[in-house]
Amino acid sequence: MKLFFASFGQRSLRDQMLRRIVLSLVVAFAAGLVATLLMYRTSDLRSRELQHSELVSHFKTRIAKLDNDLVVQADVFRAQLEFNRMLETAVPNYQKVTAYLTSLGGQQVFTHVLIFDAKKRSVFTFATRSERLSEVPTLVEKEGLSWAYNAQTQTMHRSVVQKIWMGDNGSGWLVMYVPVDNTLLQSLTYPGTTLRLQRDGKIFTATEASTHGPASDQTVEAVLPWGGDLDRPELAVSKTYVAPLPLLETLLIIGLTTLFSLVLGTALIAHWLEKLVKRLHHLGGAAALFGKDRNMPAPIHAQLDLASAAQMDEVSGLAKSFEAMMGDVRKANAELHSSEQKFASIFQHSPLALALTRVDDDACIDVNDAWTTLFARKRADVVGHSMASLSLYQDEGYRAHIKKQIGKAVIANGMETSLHTGRGIRQAKLKLEKVWIAEFEFLIESFEDITERLQNEQRINKLAFFDPLTDLPNRTLLLDRMKQALVSQARIAKHGAVLMIDLDNFKSINDTYGHGAGDDCIRRVASALAANLK
């Protein structure tokens, strides 16, 4: 037997399948009795569960109908009071309400009726039984159904609370109680069942006088919560258990059915498993072909068609998913190739000087033509070298500062720095951004030469605020400085002065020696003033 089991792992799936089928037939006869007993027990448990479910369903419906009837009767009573306007007079006619309740007689299911005003003060009480009203809780909290417990009589009451219009007195409260006693439970039960109203193990009332003992195999028990309150009671239901088929008949039926099903099922499983093994073999062949060469669609599709076998099952779904995956892989490869080409084209033809570096070791992977032009270096002399070793920055510690900020998505965005370029020291705007390429982290470094732009800005600023002839501040800058001086003097409570200098007979110089001599005279005066004044 040991060798029989050990040989399972040394044979093909088809041989292992046949051996297991033979073994299952032998074991089936030995396990038949045990299986039959277990099935009978299962049938017994299912029968109990079914009868329990029927109990729960039936009495849930009965409880819901009873509560609904109470609400309907309360609605009818409240509607009569409001329709006849018994409570809308300045002094409500409670005698008329009492007469109306008395006239209902046996139609009135509520044993206690209470009316409260808008301030929840009791203004009317009515009772159809000797139990004192003071023993029934009369707290008005919310509309709807709730429970009330009379501690003295140890009885539970089902209460209905509704708002009622009282005319000029506003909206009051109508509270009605019905005791849940033996009579009420008898109206819910049917032959063969016993009902108990209980809470926390305490029984308030029951349809039979006998005390409740532990459940036995001859009864079916069900416990249903009654209402939605936190202190709600439970309705316990007991019913005589009706057993399924006798044991001997069950043993015979189940035994024969099991044996026949086992033999037939084994034959069908054997045939199915043999076909399944072939289909899985074709599916594995398709995967092997795809792994070797992804450009062989015809042989791969042929293997997938054999694996599907024109059936709608898991293997067919797996074959279709594999086929869809192949299409997605080809599409992803094409998109990746196109993306790489676009990236390379944009990278190489960008007007900005770009460098691609690896984050791990700061090695330069590639630079574009604009970068080689800016730094006057060949691509072969840069690629593969550390960016720190190229000494691009005038500040030698600037590269180390960048490495410390490597955790940010955008490390430097528009920062100005000084670079060693082929044209000497140049001012540039620097931007470094992290990207992921083929599961590796890289930096794209862009350099924009802004030296000429800064020089132009300086020239524009000088033309805007300085006189081109004397190189002294012009009227625009003078007015700006005078405004600043006035604001400062007003703040510190001091005075200032303005000195005005005029050149006498300057027109004679222009007329006698020409405008060139006049301009030279003005420049000499401006130079003397600039040399002697701060």
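Residues numbered from 1 in each chain as written. Predicted model: local features only at pLDDT ≥ 70, side-chain atom pairs only at ≥ 80, totals over all residues. Heavy atoms only, no water.

Student: Where do I start with the overall build of the protein chain in this structure?
Tutor: Scanning the protein chain for helices and strands turns up 13 helices and 14 strands. Buried positions account for 31% of the 534 residues belonging to the protein chain. Here the contacts in the protein chain between residues at least 6 apart in sequence split such that 51% fall between residues at least 24 apart. Total accessible area on the protein chain is roughly 33900 Å²; 59% of this is exposed by carbon and sulfur atoms. (Helix = DSSP H or I, 4+ residues; strand = E, 2+ residues; numbered from the N terminus. Buried < 20%, exposed > 50% of the residue type's maximum accessible area, 1.4 Å probe, protein only. Contact = heavy atoms within 4.5 Å. Areas by Shrake-Rupley, 256 points an atom, 1.4 Å probe, with all protein chains shown as cover.)

Student: Any chance you could explain the pairing of strand E10 (residues 353-358) here in plain terms?
Tutor: Among the six residues in E10, five count as buried, and that is most of the element. For E10 and strand E14 (residues 440-449), the ladder comprises six bridges, and the chain directions are antiparallel. Opposite threonine 357, over in E14, you have leucine 443 as the bridge partner. Bridging between E10 and strand E11 (residues 364-367) involves three bridges; their strand directions are antiparallel. The residue bridging leucine 356 from the neighbouring strand is aspartate 366, located in E11. Two successive antiparallel strands, E10 and E11, enclose a turn made up of five residues, where aspartate 362 displays a positive phi of approximately 65°. (Pairing = 2+ DSSP bridges.)

Student: Could you clarify how one ought to interpret the side chain of asparagine 510 in this entry?
Tutor: Locating asparagine 510 in the fold gives a position in helix H12 (residues 506-513). Sequence-distant contacts of asparagine 510, defined by excluding residues within four places in its chain, comprise His515 and Gly518.

Student: So what exactly am I meant to see when it comes to the sheet that holds strand E9 (residues 234-240) here?
Tutor: Adjacent strands of a sheet pair through backbone hydrogen bonds, lying either parallel or antiparallel. Pairing is antiparallel across the open sheet formed by four strands, whose spatial order is E7-E6-E9-E8. Of all strands in the sheet, those bounded by a partner on one side alone are strand E7 (202-206) and strand E8 (219-225). Ignoring which end each strand starts from, the neighbouring axes of this sheet average 30° apart. With four bridges connecting them, strand E6 (residues 193-199) and E7 associate as antiparallel partners. Counted as the bridge partner of glutamine 198 is isoleucine 203 from E7. (Axes fitted to C-alpha atoms, helices over the stretch in contact; angles between N-to-C directions.)

Student: Please explain the sheet that holds strand E2 (residues 122-127) as it appears in this structure.
Tutor: Overall, antiparallel pairing links the five strands, which are arranged E2-E1-E5-E4-E3 in an open sheet. Every interior strand has two partners, whereas the edge strands, E2 and strand E3 (144-150), have only one. Averaged over all adjacent pairs, the angle separating strand axes in this sheet is 20°, with direction ignored. In this structure, strand E1 (residues 112-116) lies alongside E2, joined through five bridges in antiparallel fashion.

Student: Is there a simple way to think about the environment of threonine 102 in this case?
Tutor: Positionally, threonine 102 belongs in helix H3 (residues 94-104). What makes threonine 102 exposed here is its relative accessible area of 53%. Sequence-wise, threonine 102 and phenylalanine 126 are 24 residues apart; in three dimensions their C-alpha atoms are separated by 9.3 Å. Of the polar contacts made by the side chain of threonine 102, one reaches the backbone oxygen of threonine 98; its length is 2.8 Å. (Polar contact = N/O pair within 3.5 Å; in protein donor to acceptor, adjacent residues only side chain to side chain.)

Student: Sorry, what's going on with the packing of aromatic side chains here?
Tutor: In this structure the tally under the stated criterion is seven aromatic pairs. Aromatic pair phenylalanine 59 and tyrosine 190: ring centres 5.9 Å apart, planes at 15°, arrangement stacked. With phenylalanine 59 in helix H2 (residues 13-83) and tyrosine 190 in the loop between helix H4 (182-188) and E6, the pair connects residues that are 131 residues apart, well separated along the chain. Note on tyrosine 190: relative accessible area 29%, which makes it partly exposed. (Phe/Tyr/Trp six-rings, centres within 6.5 Å; stacked < 30°, edge-to-face > 60°.)

Student: So what exactly am I meant to see when it comes to the side chain of serine 159 here?
Tutor: Mapped onto the secondary structure, serine 159 falls in strand E4 (residues 155-165). Taking the relative accessible area as the measure of exposure, serine 159 reaches 3% and is therefore buried. Only 2.7 Å separates the side chain of serine 159 from the side chain of serine 146, close enough to count as a polar contact. In this view, serine 159 contacts Gly144, Leu145, Ser146, Trp147, Met176 and Tyr177; residues no more than four positions away in its chain are not counted.

Student: Any chance you could explain the pattern of salt bridges here in plain terms?
Tutor: Side chains that differ in charge, positive against negative, can pair when their charged atoms come close. Enumeration according to the criterion identifies ten salt bridges in this entry. Several salt bridges converge on common partners, so that one network encompasses Asp75, Arg78 and Glu82. (Salt bridge = Lys/Arg side-chain N within 4 Å of Asp/Glu carboxyl O.)

Student: Before we go on, may I ask you to explain H3 in this structure?
Tutor: Residue pairs three or four apart in sequence face the same way in an α-helix, which turns once every 3.6 residues. Looking at H3, one finds that the buried residues are Tyr94, Val97, Tyr100, Leu101 and Leu104. With its buried residues spanning 115° around the axis, H3 presents them on a single face. More than 90 degrees from the buried face of H3, the exposed residues found are Gln95, Thr102 and Ser103. Positive backbone phi, approximately 60°, marks glycine 105, located one or two places after H3. (Arc of directions from axis to C-beta.)

Student: Just to check I follow, could you spell out the environment of leucine 443 for this structure?
Tutor: In this fold, leucine 443 is placed in strand E14. C-alpha separation for the pair leucine 443 and arginine 358, spaced 85 residues apart in sequence, amounts to 6.2 Å.

Student: Looking at this structure, how should I read the nonpolar core?
Tutor: It is characteristic of soluble globular proteins that their nonpolar side chains tend to be buried jointly. Counting residues in hydrophobic clusters, the biggest one holds 22 residues, and the most contacted among them are Phe77, Val97, Leu101, Phe110 and Val113. For this core, the secondary structure elements donating two or more residues are H2, H3, E1, E2, E4 and strand E5 (171-179). Per element, the largest residue contribution to this core is five residues, and it comes from H3. Not counting residues within four places of it along the chain, the set of residues in contact with valine 113 comprises Phe77, Leu101, Gln108, Phe124, Thr125, Phe126, Leu174, Val175 and Met176. (Core = buried A, V, L, I, M, F, W, Y, C linked by side-chain atoms within 4.5 Å.)

Student: Teacher, can you tell me more about helix H11 (residues 475-492) here?
Tutor: When the terminal C-alpha atoms of H11 are compared, their 26 Å separation across 18 residues agrees well with the 26 Å that a helix rising 1.5 Å per residue should span. Two residues or fewer after H11 comes alanine 493, characterised by a positive phi angle close to 60°. (Expected span 1.5 Å × (residues − 1).)

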